[in-house]
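Residue-level listing of the chains:
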Amino acid sequence: MSTETFEFQVEARQLLQLMIHSVYSNKDVFLRELVSNASDALDKLRLEKLWDDSLDADVSDPHIEIDVDNDARTLTVRDNGIGMTYDEVGRLIGTIANSGTAQFLQELREAKDAAGEEGLIGQFGVGFYSGFMVADEVTLLTRRAGESQGTRWTSRGEGTYTLERVDDAPQGTSVVLHLKPADPENQLHDYTSPWKIREIVKRYSDFITWPIRMVPGTPAPAGESDESDEAPQPETLNSMKALWARPRDEVSDDEYHELYKHIAHDWRDPLETVRLQAEGTFEYQALLFLPAHAPHDLFTRDSKRGVQLYVKRVFIMDDCEALLPPYLRFVKGVVDAADLSLNVSREILQQDRHIEMMRRRLTKKVLSTVKEMMAKDQERYATFWREFGTVLKEGLITDSENRDALLTVASFASTHDDSEPTTLKQYVERMKEGQEDIYYLTGESRQSIENSPHMEAFRERGIEVLLLTDAVDEVWADAVGEYEGKTLRSVAKGRIDLDAKDEDTSDDEREKQTEEYAGLLGWMKEQLDEDIKEVRLSSRLTVSPACVVSDAHDLTPALENMYRSMGQEVPRAKRILELNPDHQLVKGLNEAYQEREDRTELAETAELLHGLAVLAEGGQPKEPARFVKLMADRLERAL
Ligand code: ADP
């Protein structure tokens, strides 16, 4: 049969180069990756046979085999699972489809030093390609269950691979690693040693639910008097015990972490392990993990959930979305239910009353774990919130049942401290005498919020403001409305009257000011009528001449934009222009208004003032070119 040669996709080539020249010290993990793939392939075969009994596949003895040939210096990992078709091999093994990996490569290009590189490799699952850390040539022979013809894939990892159709391939996949020459300096990396294989499997893959057998190969090298003379039997290396079914105190943290890595395709340890055992009419066990890092696709539409469903130790499905709400989609793990049918489908799960109860219980358990983490280990909690806080905030909008729990574990940047976020509880404890509301301001970045004119009076009076920079912040703050009886108030919305409780400014003085400015305010409103529904005096400004604010119940421009980007038609809400009566520009404008008959020039000033207010909050004047021209004319005259 003919052999065809193909080029690796660019990203795949980069990843391979990295593996070949890898400085990553923990090369042992290549075996974990191959065993993990083999185990997935056996799961897939079992499920496919379950759904389609007519599938012509051998499911009599599903297992994984590891086979070492000392003379040829090869190590083979073989499974009799689902296998791959010719097309699948090209697609799955020749390219990198995972967007996270593309991102990883990007970061790698930026991390120029070896130490940074090693750290990065340790963070990403590179799967099958990790074989090239220890082998200079890899051959993969595979036959898809139900098909008659197989495929051989071969590569030295250097830019190209070959594909060839094969007639006599056994069902499933075998990966043959042609090991790099032995390093006499470093016996630790001798992967022809049965002892070494045993150790790696035990450490990384003990919980795999299929038997992992080692086939005795050529006699062990001198010094390793392994099996004796009699005919050698395959040896099962793993205990196959499900970790969640074993007594808690029998399982080490390391074992939990290896299971996490298998499920999450992550090379790093999880941040937290959560165990839950439910007895009674609907029995189940759950073993969940909070990862230490957010995946790159957390906010894309097709982002996967990481909870696997088992029924009595038998794998049923990946990404079981019915088990946790969408805002906990980053949680990985296993749920093993005793009383579900092996044939259960996603549709049935979505409507099942027991599953619904389970989801509620698991959700509460995850949130209480975060709360404990907050009390026990500040640093760990901070990592968690930095990585997943944005996603959890979605729950404030969608999950009213757990709103209080979410508000308890949430933390936010605040004017109180430049680097440490604050909880709402801490904010309330610091509230000033007479302060009734919790103030916040939303915006693009901490810096743009802090420099916004809306903040001026708050800064001057030392009133703390939460600085919210996630897109979801405006929405939840609006939806939640209050915390422990204290209203959540945007400093850019509605009337802010900090002076009401201030002794300095008397009511009389305000009334006088309002009278003085009444004419100007009414006239300006007419001038700016298209964009502004009211012009009024401000009590939030100390430095800037003007700012724009939204009415308490109107959508802000950011929210309007968000709805529009989601394809919803929303009317543009007119805003309110507030003037600072103590600012020289505003004072001068008022005098000129009262003195002059011809107000053409003043109308331009009004327009400029409005434009400046919009700019100051990070927006754009309606007609930027016109704004710039008016401004330039004024500057020219001022020379
Ligand atoms: P990952 O396992 O993270 O998806 P890999 O590079 O390890 O990435 O594998 C890519 C894909 O190739 C897998 O998702 C799977 O579809 C397929 N694959 C790899 N190994 C096997 C195998 N032993 N049997 C069947 N399919 C496999």
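This text follows the structure it describes.
So, here is what we can say about the structure in this document. Note that the structure is predicted; figures quoted are calculated from it, not measured. (Residues numbered from 1 in each chain as written. Predicted model: local features only at pLDDT ≥ 70, side-chain atom pairs only at ≥ 80, totals over all residues. Heavy atoms only, no water.)

Enumeration over the complete set of coordinates arrives at 19 aromatic pairs. Plain terms: the ring middles of F384 and F388 are 5.6 Å apart, the flat faces sit at 45° to each other, and that makes the pair tilted. Linking F384 with F388, this pair stays in helix α10 (residues 378-398), spanning 4 residues, or about one helical turn. Across this residue pair, the class does not change: F384 and F388 are buried. Cluster of aromatic residues (ring-pair linked, three or more members): F6, F8, F128, Y129, W153 and Y161. Against the face of Y204 rests R32, its NZ or CZ located 5.4 Å from the ring centre. Positioned above the aromatic ring of Y86, the side-chain terminus of R165 is 3.8 Å from the ring centre. (Phe/Tyr/Trp six-rings, centres within 6.5 Å; stacked < 30°, edge-to-face > 60°. Helix = DSSP H or I, 4+ residues; strand = E, 2+ residues; numbered from the N terminus. Buried < 20%, exposed > 50% of the residue type's maximum accessible area, 1.4 Å probe, protein only. Lys NZ or Arg CZ within 6 Å of the ring centre and 35° of its normal.)

We now examine the sheet that holds strand β18 (residues 466-468). Strand-to-strand pairing in sheets goes through backbone hydrogen bonds, with the strands running parallel or antiparallel. Spatial strand order, β16-β15-β18-β17-β20-β19: 6 strands in an open sheet with mixed pairing. Two strands close off the open sheet at either side, each with one partner strand: β16 (417-422) and β19 (482-483). Here strand β15 (residues 412-414) runs beside β16; their pairing, made up of 2 bridges, is antiparallel. Paired with S414 across the two strands is D417, which belongs to β16. (Pairing = 2+ DSSP bridges.)

The next subject is the pattern of salt bridges. Tallied over the entire structure, the rule returns 53 salt bridges. Residues K525 and D529 are paired through a salt bridge, measuring 2.6 Å at the closest nitrogen-oxygen approach. Assessed through its relative accessible area of 25%, K525 is described here as partly exposed. A salt bridge links E617 to R575, with the nearest nitrogen and oxygen atoms 2.5 Å apart. You can see E617 sitting in the loop between α19 (600-616) and α20 (624-638) and its partner R575 sitting in strand β23 (residues 575-579), a full 42 residues away along the chain. According to the relative accessible area criterion, E617 is partly exposed, its value standing at 28%. One salt-bridge network, in which partners are shared between bridges, spans R32, E33, E258, K261 and D269. (Salt bridge = Lys/Arg side-chain N within 4 Å of Asp/Glu carboxyl O.)

Take the nonpolar core next. Core analysis: the largest hydrophobic core is formed by 75 residues, its most contacted members being L309, F330, F384, L392 and W476. Looking at this core, the element that brings in the most residues is helix α9 (residues 353-376), giving 8 residues. If you count residues domain by domain, this core takes at least three from each of domain 2 (243-376) and domain 3 (413-491). With residues up to four places along the chain from it excluded, the contact list for L309 reads V314, F315, I316, M317, C320, L323, V335, L340, V344 and L349. (Core = buried A, V, L, I, M, F, W, Y, C linked by side-chain atoms within 4.5 Å. Domains from an automatic or database assignment. Contact = heavy atoms within 4.5 Å.)

Another aspect to go through is the sheet that holds strand β22 (residues 546-549). Strands sit in the order β21-β23-β22 across an open sheet of 3 strands; the sheet is mixed. Both outer strands of the open sheet, β21 (532-537) and β22, are each paired with one neighbouring strand and no more. Each strand of the sheet is rotated relative to its neighbour by a mean of 25°, with strand direction disregarded. In the sheet, β22 pairs with β23 via 4 bridges, with the strands oriented antiparallel. Along β23, the bridge assignment pairs V548 with L577. Most of the contacts of helix α16 (residues 507-527) go to β21, to which it runs at about 160°, and overall it touches β21 and β23. Those strands touched by α19 are β21, β22 and β23, and its axis lies near 65° from that of β22. (Axes fitted to C-alpha atoms, helices over the stretch in contact; angles between N-to-C directions.)

Looking now at the site of the ligand. All residues in the neighbourhood of the ligand are listed as N37, A41, K44, D79, M84, L92, I93, G127, F128, T173 and H265. Relative to its free-state accessible area of 520 Å², the ligand is covered by the protein chains to the extent of 76%. Here the element with the most residues in the shell around the ligand is helix α2 (residues 29-51); it accounts for 3 residues. Class assignment of the residues belonging to the shell around the ligand gives a composition of 5 nonpolar, 4 polar and 2 charged. (Near = heavy atom within 4 Å. Areas by Shrake-Rupley, 256 points an atom, 1.4 Å probe, with all protein chains shown as cover. Nonpolar A, V, L, I, M, F, W, Y, C, P; charged D, E, K, R; others polar.)

Take the pairing of strand β17 (residues 438-442) next. Among the 5 residues of β17, 4 are classified as buried, and the element is accordingly described as predominantly covered. Pairing analysis gives 3 bridges linking β17 to β18, with the strands arranged parallel. When the sheet's bridge partners are listed, Y440 is paired in β18 with L466.

Judged by side-chain polarity, L50, W51 and L342 come together as a nonpolar surface patch covering roughly 290 Å² of accessible area. Checked against the element boundaries, L342 lands in the loop between β14 (332-337) and α8 (346-351). (Patch = residues over 30% accessible without salt bridge, like charges linked within 9 Å, V, L, I, M, F, W, Y side chains within 5 Å.)

For strand β7 (residues 172-179), the buried fraction is high: 6 of the 8 residues fall into the buried class. Here strand β4 (residues 135-143) pairs with β7 via 8 bridges, running antiparallel. Note on β7: the bridge partner recorded for L141 is S174.

For the rest of this paragraph, the subject is unusual backbone geometry. Residues apart from glycine generally show negative phi values, whereas peptide bonds are mostly found in trans. Look at M240: it is not a glycine, yet its phi comes out positive at around 65°. Structurally, M240 is set in the loop between β9 (235-236) and α7 (253-264). Judged by relative accessible area, M240 falls into the partly exposed class, the value being 31%. One non-glycine residue with positive phi stands out, namely H265, at about 55°. Note that H265 resides in the loop between α7 and β10 (272-278).

It is worth spelling out a negative patch on the surface at this point. Together, D507, D508, E509, E511, E515, E516 and D582 make up a negatively charged patch on the protein surface. Its place among the elements puts E511 in helix α16. A relative accessible area of 55% means that E511 is categorised as exposed. (Lys, Arg positive; Asp, Glu negative; His and termini not counted. Charge placed at Lys NZ, Arg CZ, Asp CG, Glu CD.)

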